[in-house]
Amino acid sequence: MKVMVLVKASAATEAGQMPTEEEIRAMGAYNEHLVQAGIMLAGEGLHPTSRARRVAFGTDAPRVIDGPFAETRELVCGFWLWQVRSLDEATEWLTRAPFAAGDVVELRPVLSAEDFGAAFTPELQAQEQRLRDQIGNAG
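Conventions adopted
Residues take numbers from 1 onward in each chain, read along the sequence in its written order. Only residues with pLDDT of 70 or above have their local features reported here, since the model is predicted, and side-chain atom pairs are shown and tallied only from 80 upward, although totals for entire chains, interfaces and linings are computed over all residues. Based on all heavy atoms of the structure, the side-chain values leave hydrogens and waters out of the count. Under the DSSP-based scheme used, a helix requires at least four consecutive residues in state H or I and a strand at least two consecutive residues in state E, with every element numbered from the N terminus. Throughout, exposure labels follow a simple rule: accessible area from a 1.4 Å probe, protein chains only, divided by the maximum for the residue type, with under 20% read as buried, over 50% as exposed, and the rest as partly exposed. Only heavy atoms enter the contact rule, under which two residues are in contact if any of them lie within 4.5 Å. A positive count includes Lys and Arg, and a negative count includes Asp and Glu. His and the chain ends are not counted in either. Taken as the charge centre is NZ of Lys, CZ of Arg, CG of Asp or CD of Glu, depending on the residue. Grouping into patches uses exposed residues only, defined as over 30% relative accessible area, and leaves out salt-bridged ones; the cut-off is 9 Å for like charges and 5 Å for nonpolar side chains (Val, Leu, Ile, Met, Phe, Trp, Tyr). Method for areas: the Shrake-Rupley scheme with a 1.4 Å probe, in which residue coverage is limited to the protein chains shown. Whenever a carboxyl oxygen of Asp or Glu lies within 4 Å of a side-chain nitrogen of Lys or Arg, that contact is scored as a salt bridge. The pLDDT score gives, residue by residue, the confidence of the prediction method on a 0 to 100 scale. In this description, one arc is meant: the one made by directions from the helix axis to the C-beta atoms. Any two rings among Phe, Tyr and Trp, with Trp reduced to its six-membered ring, count as a pair given centres within 6.5 Å; such a pair is stacked if its planes are under 30 degrees apart, edge-to-face if over 60, and tilted if neither. Look at NZ for Lys and CZ for Arg. If either is within 6 Å of the ring centre and within 35 degrees of the ring normal, a charge sits over the ring. Definitions used for this entry: grid spacing 1 Å over protein atoms alone; cavity, a set of points where a 1.4 Å probe fits but cannot get out; pocket, an open set with protein on both sides within 12 Å along at least 5 of 7 lines; lining residue, one with an atom within 4 Å of a point. Grid points are joined across faces, edges and corners, and a volume is the space filled by probe spheres set on the points. Each residue is assigned to one class: nonpolar for Ala, Val, Leu, Ile, Met, Phe, Trp, Tyr, Cys and Pro, charged for Asp, Glu, Lys and Arg, and polar for all the others, Gly among them.

## Digging into the overall build of the protein chain
Right, on to step 1. Helix and strand content of the protein chain: 4 helices and 6 strands.
Right, on to step 2. Along the protein chain, helices (α) and strands (β) appear in the sequence β-α-α-β-β-β-β-α-β-α when read from the amino end.
Right, on to step 3. Viewed in the frame of its principal axes, the protein chain has a C-alpha envelope of about 50 × 45 × 30 Å.
Right, on to step 4. When burial is assessed residue by residue, the protein chain has 21% of its 139 residues classed as buried.
Right, on to step 5. Long-range contacts, defined here as pairs at least 24 residues apart, represent 74% of the contacts in the protein chain between residues at least 6 apart.
Right, on to step 6. Taking the 13 positively charged and 20 negatively charged side chains of the protein chain as two groups, their mean positions are separated by 3 Å.

Laid out in structure tokens, this is it:
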């Protein structure tokens, strides 16, 4: 199963405070373990929401909203995409991560084709596979 690991923002990350060399080194070592175990598919940090935008959709034209955004506890400052056997395995790996007291990280299973049921017709599955193949061949 694929799991999206969402690192929640804090006042420090929203202020643009970058990690120390020691923190970068510790996270790099942790990422090496994830890669060596064949779990990490992707991972990135994100700029604060002062550099972000949202697009709100309604009955009128979409509305563009420039950051920063309030409610830091609802914001994300980084992510990983992991391939694991179960949510329990992802949780076990996450407990080894070098986060500080007060940091919050959310684990979210990624939807699979089976989750969509009959609405995900063979034609739509073929389209999805074509797009995945194109993405894999890009660059």
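## Notes on the environment of M40
Right, on to step 1. Of note, M40 is situated in strand β2 (residues 40–45).
Right, on to step 2. For the pair M40 and W82, spaced 42 residues apart in sequence, the C-alpha separation works out to 4.6 Å.
Right, on to step 3. Setting aside residues up to four positions removed in sequence, M40 forms contacts with N31, L34, V35, W80, L81 and W82.

## A closer look at a nonpolar patch on the surface
Right, on to step 1. On the surface, a nonpolar cluster with roughly 330 Å² of combined accessible area is contributed by V55, F57 and V64.
Right, on to step 2. Relative to the assigned elements, V64 resides in strand β4 (residues 63–66).

## Some remarks on the confidence of the model for the protein chain
Right, on to step 1. Confidence in the prediction of the protein chain, expressed as mean pLDDT, is 94, and 98% of residues score 70 or more.
Right, on to step 2. Mean pLDDT values over the elements of the protein chain span from 91, in helix α4 (residues 122–137), up to 98, in helix α3 (residues 87–94).

## Digging into α3
Side chains that are three or four residues apart share a direction in an α-helix, a result of its 3.6 residues per turn.
Right, on to step 1. Residues of α3 that are buried include every one of E89, A90, W93 and L94, and no others. Summarising the axial view, the buried residues of α3 lie within an arc of 135°, below the 170-degree limit, and thus occupy one face.
Right, on to step 2. The inward-facing, buried residues of α3 contact β1 (2–8), α2 (21–36), β5 (76–83) and β6 (105–109).

## Quick look at the packing of aromatic side chains
Right, on to step 1. Enumeration according to the criterion identifies 4 aromatic pairs in this entry.
Right, on to step 2. Each ring, one from W80 and one from F99, has its centre 6.1 Å from the other, and the planes form 80°; the classification is edge-to-face. Taken together, the positions of W80 in strand β5 and F99 in the loop between α3 and β6 put the pair 19 residues apart, joining distant regions of the chain.
Right, on to step 3. Centre to centre, the rings of F116 and F120 are 5.7 Å apart; their planes meet at 50°, and the pair counts as tilted.
Right, on to step 4. Exposure remark for F120: the relative accessible area of 17% places this residue in the buried category.
Right, on to step 5. Among the aromatic side chains, those forming a connected cluster through ring pairs are Y30, W80, W82 and F99.
Right, on to step 6. Sitting over the face of the ring of F69, R54 holds its NZ or CZ atom 3.9 Å from the ring centroid.
Right, on to step 7. In this structure, R96 packs its charged tip against the face of W93, placed 4.1 Å from the ring centre.

## Here's the deal with the layout of surface pockets
Right, on to step 1. Roughly 1,100 Å³ of volume is contained in the largest pocket.
Right, on to step 2. Lining the largest pocket are 36 residues, and of these V7, T13, P19, C77 and F99 sit closest to its centre.
Right, on to step 3. Among the elements of the structure, β1, α1 (11–14), α2, β2 and β5 are those that each provide at least two residues to the lining of the largest pocket.
Right, on to step 4. Of the residues in the lining of the largest pocket, the class split is 20 nonpolar, 11 polar and 5 charged.
Right, on to step 5. For the second largest pocket, the calculated volume is near 350 Å³.
Right, on to step 6. Split by residue class, the lining of the second largest pocket holds 6 nonpolar, 4 polar and 3 charged.

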